[in-house]
Each structure stands twice: as C-alpha cells, then as structure tokens.
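# Close look at the chain arrangement
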Amino acid sequence: MKSGIQLAEYPFTPRFMEMNRQRLAYLDEGEGPVVVMLHGNPSWSYLYRNVVQRLRGSYRCIVPDHLGCGFSAKPQEANYSLAMHIDNLEALLQGLGIERCALILHDWGGAIGMGWAARHPTQVAAIVACNTAAFASKRMPRRIAMCRRPLFGPLALRGLNAFARAAIFMAVGKKMRPEVAQGFLAPYDSWQNRIALLRFVQDIPMDTEHPSWPALAAIEAGLPQFSTTPMLLCWGGADFCFDRHFYEEWQRRFPQAEAHYFAEAGHYLFEDALEEIAPLISRFLGRHLQEAA
C-alpha cells in the first residue's frame, strides 16, 4: 500500500524505520508525554485514527503498523512470530528515543505490548487494555480455529481475504460505513499482502509445543510487575473472541484497574463506542501521564 493513498478519517502521513532490511511504518503525531498504541489482527494503525486525533493535541502518539500490516513491508519469508513483533517494537521505541510511555493495547497488541513492557517495566507509565490478552488461554472460537487448518486457512485468509472481510461486519455492533470498511481492508488487497493475517492466526500459542509458547509464557510471568501500574480497561462486550471471560481475567490479575464494560460494542470497540471511550482515556492519561510528566 502506497503512503500517498487517501483513506477516510486518516489524515496522516506514515513515517518509516528500517529494521532487518524491512520497512516498519508508524505514525508519530503530536507533542508531549508519549502514548504508544498497538493494534492486532486483521487491523492496522487505522484502528486508532480517531483516538490519535483526539489525543495528539496533548500527547505524542506513536502507532506502529506491525510487520506485514498497514503501510509496513510484507515480506513473504519472515517468521511473523510473537517474539519478532516484540523485537520490532523494542527496536522502534529505542530508535525513537522513547524513555517512558503509556500503552494502549488491542487484540494482539496486548501480547506484543506487554512483551515489550516486561522487558522495560520502568518505562511503562500507564496501560489501557481493550479486548485483548497477554496470558495463555484455552479459549479459541471455532471460526478462528478453522482458519488455522493447513489448506482452508491459506485459501480463506490469503485467497479470499475472509478474515479481514468478516471483521468489518463481525467485529462491530454498529454497521460500518463503506468508506471506513475500505480503510480497514486497504492494506490487504492481494495474496502477498495478506501474509501477516494468516501468520498471526497460525501463531496463536494454544499449547506448550507451539513455537511462540515460551514468548507468551515469559509475558505472563512478567505481568505481576504491573500490579501497581495505573490501568484502564475498556471492553466491548459483544466481542465473540475476547469475551467477558478475558475482561474478568484482566480484572482478577489487576484489581487496581479502572474498568468499563460496553455491552453493545464489538471487538473494534473504537468504532462502536468512541464517544464514550475517548473521554475515559483522556481523563486517565491526564491523571497518570500528564501529572507524572
């Protein structure tokens, strides 16, 4: 996807950093205390477009496109493992000279962001977790499990773009406007450009034999470091994947968290409940990031 393309509600020009001979795209908007926003699969930095516009007047908003997503390179031979994504985030934030930040996490952004946080706990000022996980779980919806099947998965996700196309209907409670749906789909317009969508699904570690299990186990082991870190939970209750079980698990592990549950919002909760969630995030960051700065 070319950086000059016009997308609805996305008035940003991505920046790029070279790492391991691949270009990683990211947004760097505004000035002030740093807020790092991390997306999941099958979205990209477009997920946070309206959050960035609300916050960039007071904060420096850094929003990477994970390798294979958005404006980032989509190499066919990369391993697209959890550890690789954490390494890329670490290299990006180090390259930008980020010494302290708040994290906003969604979907795979939870594991990737908390993987980085576990390596750099003193650099984490606050955490906003939204429909995500950073710990092992035996729960996997059948529709996602089917996408891991050797023949069906590549055909459906790379050939038909079924995962990303389904998300524009199934990940929201409110009907998505056509131009916004096109924004979510724009980076994933060919077999080659959908490589990460498949690899993310394949990389979900469900047992100890999975190659990414050690990375996830290390992340989970590091979670107690954040038992006193300011945390905000914003949860879409109509999410078929990260359902109420995950919301309650975050609450169990982090009883200090301020928690808000939006029963009608889907997985892409910023599409369904932005007007309710944005002020919560703004007030939370004002208390725990602006004051600290």
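Remember, it's a predicted structure, so these values are computed and weren't measured experimentally.

### Re the sheet that holds strand β2 (residues 22–29)
The mixed open sheet is built from eight strands, whose spatial order is β1-β2-β4-β3-β5-β6-β7-β8. Bordering the open sheet on either side are β1 (15–19) and β8 (258–262), each of which pairs with just one other strand. Strand-to-strand, the axes of this sheet are offset by a mean angle of 20°, without reference to chain direction. Here strand β3 (residues 34–38) runs beside strand β5 (residues 101–107); their pairing, made up of five bridges, is parallel. The residue bridging Val34 from the neighbouring strand is Cys101, located in β5. Against the sheet, helix α10 (residues 244–253) touches β6 (124–132), β7 (231–236) and β8, its axis set at about 170° to β7.

### Considerations on unusual backbone geometry
For residues besides glycine, phi is generally negative; the peptide bonds are generally trans as well. A cis amide bond links Asn41 with the next residue in sequence, Pro42, at an omega value of 10°. Positive phi is not limited to glycine here, since Asn20 has a value of about 50°. Following the sequence through the fold, Asn20 ends up in the loop between β1 and β2. Taking the relative accessible area as the measure of exposure, Asn20 reaches 68% and is therefore exposed.

### Examining a nonpolar patch on the surface
A surface patch of nonpolar side chains, amounting to about 300 Å² of accessible area, comprises Phe169, Met170 and Phe240. Along the chain, Phe169 turns up in helix α6 (residues 162–170). A relative accessible area of 62% places Phe169 in the exposed class.

### Remarks on the pattern of salt bridges
Taken as a whole and assessed by the stated rule, the structure comprises 15 salt bridges. Its salt-bridge partner being Glu29, residue Arg56 comes within 2.9 Å of it at the nearest N-O pair. Here Arg56 is found in the loop between α1 (49–55) and β4 (60–64), whereas its partner Glu29 is found in strand β2, with 27 residues between them in sequence. Accessibility expressed as a relative area gives 29% for Arg56, which makes it partly exposed. Of the charged contacts in the structure, one is a salt bridge between Glu220 and Arg253, with a shortest N-O distance of 2.6 Å. With Glu220 in helix α9 (residues 213–222) and Arg253 in helix α10, this residue pair connects regions lying 33 residues apart in the sequence. Owing to a relative accessible area of 24%, Glu220 belongs among the partly exposed residues under this scheme. Looking at Arg253, the relative accessible area reads 24%, which means it is partly exposed.

Reading guide: rules and limits
Residues numbered from 1 in each chain as written. Predicted model: local features only at pLDDT ≥ 70, side-chain atom pairs only at ≥ 80, totals over all residues. Heavy atoms only, no water. Pairing = 2+ DSSP bridges. Helix = DSSP H or I, 4+ residues; strand = E, 2+ residues; numbered from the N terminus. Axes fitted to C-alpha atoms, helices over the stretch in contact; angles between N-to-C directions. Contact = heavy atoms within 4.5 Å. Buried < 20%, exposed > 50% of the residue type's maximum accessible area, 1.4 Å probe, protein only. Patch = residues over 30% accessible without salt bridge, like charges linked within 9 Å, V, L, I, M, F, W, Y side chains within 5 Å. Areas by Shrake-Rupley, 256 points an atom, 1.4 Å probe, with all protein chains shown as cover. Salt bridge = Lys/Arg side-chain N within 4 Å of Asp/Glu carboxyl O.

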